[in-house]
Amino acid sequence: MGVSVDEFLELLKSLPEVRTSDGPGWVALKVRDKGFGYLWEDTETVGLKSTIEEQLALVAERPEVFEVQFTAGRFGWVVVHLDKIDYDELFELTAEAWCLTAPKALVTAFEAAHKIGG
């Protein structure tokens with residue numbers, strides 16, 4: 001179990017129109033100039049946008065893997081420890097963060113291509 005920083009960066013390539021930009025100590029993850037996550041390479045953690053309900057559930061179920069980062073409006077951001085999560089679960093959480101942020105047409109096309117959603 002565990003996902004490396006390089007594997008996470010490779011995972012991002014499967015999501016349409018993801019752009020990264022460097023900040024002081026982190027890498028911002030964006031789709032169409034809207035943020036859906038952050039990567040802190042030094043600590044091998046990722047912050048991902050989620051619903052507040054999902055944020056609270058993840059942290060309550062597995063506090064060794066997830067931490068509350070912050071809340072903003074109707075969203076709860078969660079910190080993920082890369083060394084304590086498997087690739088498939090990380091992909092799902094990252095894709096959900098992307099879907100919460102990307103324009104509807106991009107989300108619809110992504111879900112159709114991956115046979116998810118409904």
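Residues numbered from 1 in each chain as written. Predicted model: local features only at pLDDT ≥ 70, side-chain atom pairs only at ≥ 80, totals over all residues. Heavy atoms only, no water.

In the annotation of an unreviewed UniProt entry, the protein chain is listed under the name MmcQ/YjbR family DNA-binding protein and assigned to Nonomuraea corallina.

*Asks:* If you had to explain the pairing of strand β1 (residues 18-23) to someone new, which residues and values would you point to?
*Replies:* Pairing geometry for β1 and strand β2 (residues 26-31), over 6 bridges, is antiparallel. Its bridge partner being in β2, V18 is matched across the sheet by V31. Hairpin geometry of β1 and β2 is characterised by an intervening segment of 2 residues between the two adjacent antiparallel strands and by a positive phi of about 95° at G25. (Pairing = 2+ DSSP bridges. Helix = DSSP H or I, 4+ residues; strand = E, 2+ residues; numbered from the N terminus.)

*Asks:* Please provide a residue-by-residue account of the packing of helix α3 (residues 87-99) against helix α4 (residues 104-113), values included.
*Replies:* Two elements in contact, α3 and α4, have axes whose closest approach is 10 Å; the angle formed by their N-to-C orientations is 150°. Viewed along their axes, α3 and α4 adopt a mutual orientation that is roughly antiparallel. Contact residues: α3 offers F91, A95, W98 and C99, while α4 offers L106, V107, F110 and E111. Taken together, the residues of the contact of α3 with α4 sort by class into 7 nonpolar, no polar and 1 charged. (Axes fitted to C-alpha atoms, helices over the stretch in contact; angles between N-to-C directions. Parallel < 35°, antiparallel > 145°, perpendicular 65-115°, else oblique. Contact = heavy atoms within 4.5 Å. Nonpolar A, V, L, I, M, F, W, Y, C, P; charged D, E, K, R; others polar.)

*Asks:* I'd love a proper account of unusual backbone geometry, names of residues and values included.
*Replies:* A positive phi is found at E17, a non-glycine position, where the angle reads about 60°. By the secondary structure assignment, E17 is in the loop between α1 (5-12) and β1. The exposure class assigned to E17 is partly exposed, which follows from its relative accessible area of 33%. A positive phi is found at R32, a non-glycine position, where the angle reads about 50°. By the secondary structure assignment, R32 is in the loop between β2 and β3 (34-40). (Buried < 20%, exposed > 50% of the residue type's maximum accessible area, 1.4 Å probe, protein only.)

*Asks:* A description of the environment of L39 should follow, citing residues and the corresponding values.
*Replies:* Of note, L39 is situated in strand β3. With relative accessibility at 0%, the residue L39 sits in the buried group. In this structure the C-alpha to C-alpha distance between L39 and F66, which are 27 residues apart in sequence, comes to 14 Å.

*Asks:* Can you lay out α1 for me, pointing to particular residues and giving the numbers?
*Replies:* Within the sequence span of α1, burial applies to V5, F8, L11 and L12. Buried residues in α1, looked at end-on, bunch into an arc of 115°, giving them a common side. (Arc of directions from axis to C-beta.)

*Asks:* I'd love a proper account of the nonpolar core, names of residues and values included.
*Replies:* Membership of the largest hydrophobic core comes to 31 residues, with the highest contact counts inside it found for F8, F36, F66, I85, L90 and W98. Those elements that provide at least two residues to this core are α1, β2, β3, β4 (45-51), α2 (52-61), β6 (75-81), α3 and α4. Top element by residues in this core is α3. It accounts for 5 residues. Not counting residues within four places of it along the chain, the set of residues in contact with L90 comprises V3, F8, L11, L48, V80, L82 and I85. (Core = buried A, V, L, I, M, F, W, Y, C linked by side-chain atoms within 4.5 Å.)

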